[in-house]
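Coordinate analysis (summary)
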Amino acid sequence: MGGKVSFLPLGDNDDYDWQSEEIDLEQLMDIIDKKEKQNEVIGVILYWDKSSIGMQLLIWNSGKLPFILTINRKILNDNTEINVTDVNWYLERILPAFIGGNILP
């Protein structure tokens, strides 16, 4: 948010030392390409448009793709003392990107 991109830098070596810099998409894709060639974990923090709700997206060379839903996470409003993540809210927004991008059949 705020014009900056948060990502895991080259040579992070699983330290998860997130960096936030003003870079354009081309620069980000260059970092991702280099990290992929070096078999490093790729990490980007994503926010939903015009909101403070976000997540950490990690991509491992094994193909694992975890979404870590910790940034102002969306919770179910069930008036309980326990904050339960509204997983359906996230799935409704994440899955179409994969289906539309031909990542999923």
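The present account deals with the structure reproduced in this document. Every value quoted in this text rests on a predicted model; they were computed, and no experiment measured them. (Residues numbered from 1 in each chain as written. Predicted model: local features only at pLDDT ≥ 70, side-chain atom pairs only at ≥ 80, totals over all residues. Heavy atoms only, no water.)

A few words on the overall build of the protein chain. Regarding its fold elements, the protein chain presents 2 helices and 5 strands. Helices (α) and strands (β) of the protein chain occur, in sequence order from the N terminus, as β-β-α-β-β-β-α. Put simply, of all contacts in the protein chain between residues at least 6 apart along the chain, 30% involve residues at least 24 apart. Counting only carbon and sulfur atoms, one obtains 51% of the accessible surface of the protein chain, whose full area is about 7,400 Å². (Helix = DSSP H or I, 4+ residues; strand = E, 2+ residues; numbered from the N terminus. Contact = heavy atoms within 4.5 Å. Areas by Shrake-Rupley, 256 points an atom, 1.4 Å probe, with all protein chains shown as cover.)

Residue placement: Lys35 occurs in helix H1 (residues 25-37). Overall, Lys35 belongs to the buried group, its relative accessible area being 1%. Once you skip the residues sitting within four places of it in the chain, Lys35 turns out to touch Leu8, Pro9, Leu10, Asp12, Glu40, Val41 and Ile42. (Buried < 20%, exposed > 50% of the residue type's maximum accessible area, 1.4 Å probe, protein only.)

With that settled, consider the pairing of strand E3 (residues 42-47). Walk down a regular strand and you will see the side chains alternate between the two sheet faces. Here E3 runs beside strand E4 (residues 54-59); their pairing, made up of 6 bridges, is antiparallel. For Leu46, the partnering residue across the bridge sits in E4 and is Met55. Here E3 folds back onto E4, and the loop between the two strands holds 6 residues, one of which, Lys50, carries a positive phi near 55°. (Pairing = 2+ DSSP bridges.)

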